[in-house]
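# Structure assessment
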Amino acid sequence: NAGLHETALNDLSSDPHIFSLIQIRKAGVLSKEWDIDRGKAKSRFADMIRQLFNTYNMPNLITQILDAELYGNQPLEVIWQSSGKSWLPVLVEAKPREWFSMGFDGTLRFHTKAEPMSGVIVRRFRGTAKAGEINYKFLCPRNSPTYLNPYGESVLSRCYWNQFFKKAGKKFWAQFVENFGAPWVSGEYLSEMFNDPTKVDTFLQTMQAMAGGRVIAVPEGTKVQFHSAPAGASDTFEKFLDDARAEIAWAILGHSSMNKSTAGKLGNDTTELTVAEWVMSSGKIMVEHTMNELIDWIAEVNGIQGERPRFILFEEEDVDMDQAQRDEVLSKIGVKFTPEYIQKAYGL
């Protein structure tokens, strides 16, 4: 069942509309800059982490971590390598979710050929792990996991039925267009042709060559009527599909402005942009938490004590020149600014 669930969710991302919404949601996090905040950690350790993370394909890694929001969780295998004095994770790579299962006791199990049913425990989450049980092999960000649902909440699962009905609605709309979107050509053949099927076939082929496939041949004197669709019937399909698209946008972005167009507007109100930023901030927190857990692992594996540097995502903002000029004037007349003020005011 888990395999079928994963297959169904993976198929959702092949839909162009859902794919574009996923890209927009991820872009909100990928557009941010990353850095290592040393804090009170040793500068040597902070520099080592920064140099290590610079070797990663960080946009790709962040994208893989963000998949945890879409699917509920995302196991990430950590490949360690000795650099002489230290053990460092040289590669962090996402693995297929269908290879794993999770227990209510907070375990991540990898299903091997030797243990295809119960699987092998490869990860215990903090809060359930006992001393010596952390094997530093698999990171696994999860989206709002609970005891009843240790796999985490899947955003794409909220899109499944709307995508199902949207797909089915398009199928019926295509049939509607086929039946009512183009005229039929009707032709009467002479009654003496009734006993000669080859002549009737020739007659049909002639009409098909003239009008395409939407033709009908009837005996002479036969009455055929073609009924057109009621006015506005096609709008029913369009409204049905728009409603499904809007529900999907609500699930992924927290608003549906991409499906609506209002004269004189670009399609995004301030409120909707604020909601989207709030939704994307959850991804930012997940990425920071996952990368900081990796930093903790590096410190623990190498026996590094004390404070640890933190991985942060931030948005480059232009300096408020009016404020900067005012502060410069005040500093010249003797006003002293605290380091805390400088950090907060200028994002240093």
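Residues numbered from 1 in each chain as written. Predicted model: local features only at pLDDT ≥ 70, side-chain atom pairs only at ≥ 80, totals over all residues. Heavy atoms only, no water.

## A look at the overall build of the protein chain
Check the secondary structure of the protein chain and you find 10 helices and 10 strands. When the 348 residues of the protein chain are sorted by exposure, 33% land in the buried category. In the protein chain, 65% of the contacts between residues at least 6 apart in sequence involve partners at least 24 apart. Of the accessible surface of the protein chain, which amounts to about 21500 Å², a share of 56% is contributed by carbon and sulfur atoms. (Helix = DSSP H or I, 4+ residues; strand = E, 2+ residues; numbered from the N terminus. Buried < 20%, exposed > 50% of the residue type's maximum accessible area, 1.4 Å probe, protein only. Contact = heavy atoms within 4.5 Å. Areas by Shrake-Rupley, 256 points an atom, 1.4 Å probe, with all protein chains shown as cover.)

## Points about the pattern of salt bridges
This model, assessed by the stated rule, comprises 15 salt bridges. One salt bridge in this structure joins E77 and K137, with 3.1 Å as the shortest N-O distance. Remark: K137 occurs in the loop between β6 (120-124) and β7 (138-139) and E77 occurs in strand β2 (residues 76-82); sequence separation between them is 60 residues. Across the pair R308 and D296 runs a salt bridge, and its minimum N-O distance is 3.3 Å. Taken as a pair, R308 in the loop between α8 (270-301) and β10 (310-314) and D296 in helix α8 lie far apart in primary sequence, 12 residues in all. Members of the salt-bridge network, linked through shared partners, are E77, E93, K95 and K137. (Salt bridge = Lys/Arg side-chain N within 4 Å of Asp/Glu carboxyl O.)

## Some remarks on the sheet that holds β2
Read across the open sheet, the 3 strands follow the order β3-β2-β7; overall the sheet is antiparallel. Because the sheet does not close on itself, it has two edges, and the strands there are β3 (87-94) and β7. Strands β2 and β3 of the sheet are contacted by helix α4 (residues 58-71), whose axis makes an angle of about 60° with β3. (Pairing = 2+ DSSP bridges. Axes fitted to C-alpha atoms, helices over the stretch in contact; angles between N-to-C directions.)

## Description of the packing of helix α2 (residues 16-30) against α4
Taken N-terminus to C-terminus, the directions of α2 and α4 make an angle of 125°; their axes are 10 Å apart at the nearest point. In terms of their interaxial angle, α2 and α4 are classed as oblique. In terms of crossing hand, the pair formed by α2 and α4 is right-handed. Counted together, I22, R25, K26, V29 and L30 of α2 and P59, I62, T63, L66, D67, E69 and L70 of α4 form the full contact between these two elements. Its residues placed into classes, the contact of α2 with α4 shows 7 nonpolar, 1 polar and 4 charged. (Parallel < 35°, antiparallel > 145°, perpendicular 65-115°, else oblique. Left-handed = near helix turned anticlockwise from the far one by under 90°. Nonpolar A, V, L, I, M, F, W, Y, C, P; charged D, E, K, R; others polar.)

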